[in-house]
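# Per-entry structural report
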Amino acid sequence: MNWKAAVLFTAVLTCAAAAAEAQTAAPQARIETSLGTITIALDAARAPKTVANFIAYAREGHFDGTIVYRVEPGFVIQMGSFEADGRARSVDAPIALETASGLINVRGSVAMARQTSPASATAEFFIDLADNPNLDSAPGAAPNTTGYAVFGHVTGGMDVVDRIAAAPLGGKGPFPPQATPATPVVIKKVTVSGARP
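An account of the accompanying structure is given in this report. Predicted model only: the values in this text are computed from it and were never measured.

## Side note on the overall build of the protein chain
- What the protein chain contains, in helices and strands, is 3 helices and 8 strands.
- Reading the helices (α) and strands (β) of the protein chain from amino to carboxyl end gives α-β-β-α-β-β-β-β-β-α-β.
- Every one of the 197 residues in the protein chain was classed for burial, and the buried ones make up 42%.
- Element-wise, carbon and sulfur atoms account for 60% of the exposed surface of the protein chain, whose accessible area totals about 10,000 Å².

Below, the structure is given as structure tokens:
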């Protein structure tokens, strides 16, 4: 093989490797808040339905202009559908619970909030401030019937998460003041990259 062919062959291999890496790279969510930006790697391989649900809400702008309405230091911060005045945005049908993925609630994990029913998550999600094994699937339980579905983890801006967790509480409105920031923490925009259209 002459040197020109070798260079061309190397270039083709490099492009193929880059394309393969782009296809396998986890999609990323960027959450721009009034206290800074948080970057999240979304685990579409192990929580495909939950990630698809989150991406759909993000792409329609559902999260933009909402607030972090629950702050429990040492536990979680939560957000999703509520505006500063307490109004809730309309949501789509609930999704199936995905807790048999092997993903667990550790510090920096991002998971879906839900009601009592396992298949009741819509757009509310939280970020773990600590390891929270009590939020994982119960030992011995049937798959996808207990726990809170983790679908990603913070890869940048954990300092922002901690800043939100340290915000003074005592907010007004329909939320418990002992768990609501006194000054609203606004989700300015959520964008997703690296995901298929």
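Next comes the rest of the description.
## Observations concerning helix α2 (residues 48–59)
- Between its first and last C-alpha atoms α2 spans 16 Å; for 12 residues at 1.5 Å apiece the expected length is 16 Å, and the two agree.
- Those residues of α2 that are buried lie in contact with β1 (28–33), β2 (36–42), β5 (109–112), β6 (125–128), β7 (150–156) and β8 (185–193).
- The positive-phi residue at the C-terminal boundary of α2 is G61, with phi of around 80°.

## A few points about the pattern of salt bridges
- Taken as a whole, this structure holds 9 salt bridges when the rule is applied.
- The partner of D43 in a salt bridge is R46, and the shortest N-O contact between them spans 3.1 Å.
- Judged by relative accessible area, which is 44%, R46 ranks as partly exposed.
- Within the structure, one salt-bridge network assembled from shared partners comprises E83, D85, R87 and R89.

## What to know about the pairing of β5
- Of the two faces of β5, both are covered, the one formed by S109 and A111 as well as the one formed by V110 and M112.
- Note: β5 against β7, 3 bridges, orientation antiparallel. Among the inter-strand pairings, V110 is bridged to a residue of β7, identified as G152.
- Here 3 bridges tie β5 to β6, and the two strands are oriented antiparallel to one another.

## A short note on the sheet that holds β8
- Around the barrel, 8 strands lie side by side as β1-β2-β7-β5-β6-β4-β3-β8; this closed barrel has antiparallel pairing. For this sheet, the mean inter-axis angle between neighbouring strands, taken without regard to orientation, is 35°.
- As paired elements, β1 and β2 share 6 bridges and run antiparallel to each other. Bridge pairing links T33 to G36 in β2.
- Along the sheet, α2 contacts β1, β2, β5, β6, β7 and β8; its crossing angle with β8, the most-contacted strand, is approximately 115°.
- Where helix α3 (residues 158–165) meets the sheet, its contacts fall on β1, β2, β3 (66–72), β4 (76–79), β6, β7 and β8, and the angle it forms with β2 comes to roughly 120°.

Analysis parameters
Residues numbered from 1 in each chain as written. Predicted model: local features only at pLDDT ≥ 70, side-chain atom pairs only at ≥ 80, totals over all residues. Heavy atoms only, no water. Helix = DSSP H or I, 4+ residues; strand = E, 2+ residues; numbered from the N terminus. Buried < 20%, exposed > 50% of the residue type's maximum accessible area, 1.4 Å probe, protein only. Areas by Shrake-Rupley, 256 points an atom, 1.4 Å probe, with all protein chains shown as cover. Expected span 1.5 Å × (residues − 1). Contact = heavy atoms within 4.5 Å. Salt bridge = Lys/Arg side-chain N within 4 Å of Asp/Glu carboxyl O. Pairing = 2+ DSSP bridges. Axes fitted to C-alpha atoms, helices over the stretch in contact; angles between N-to-C directions.

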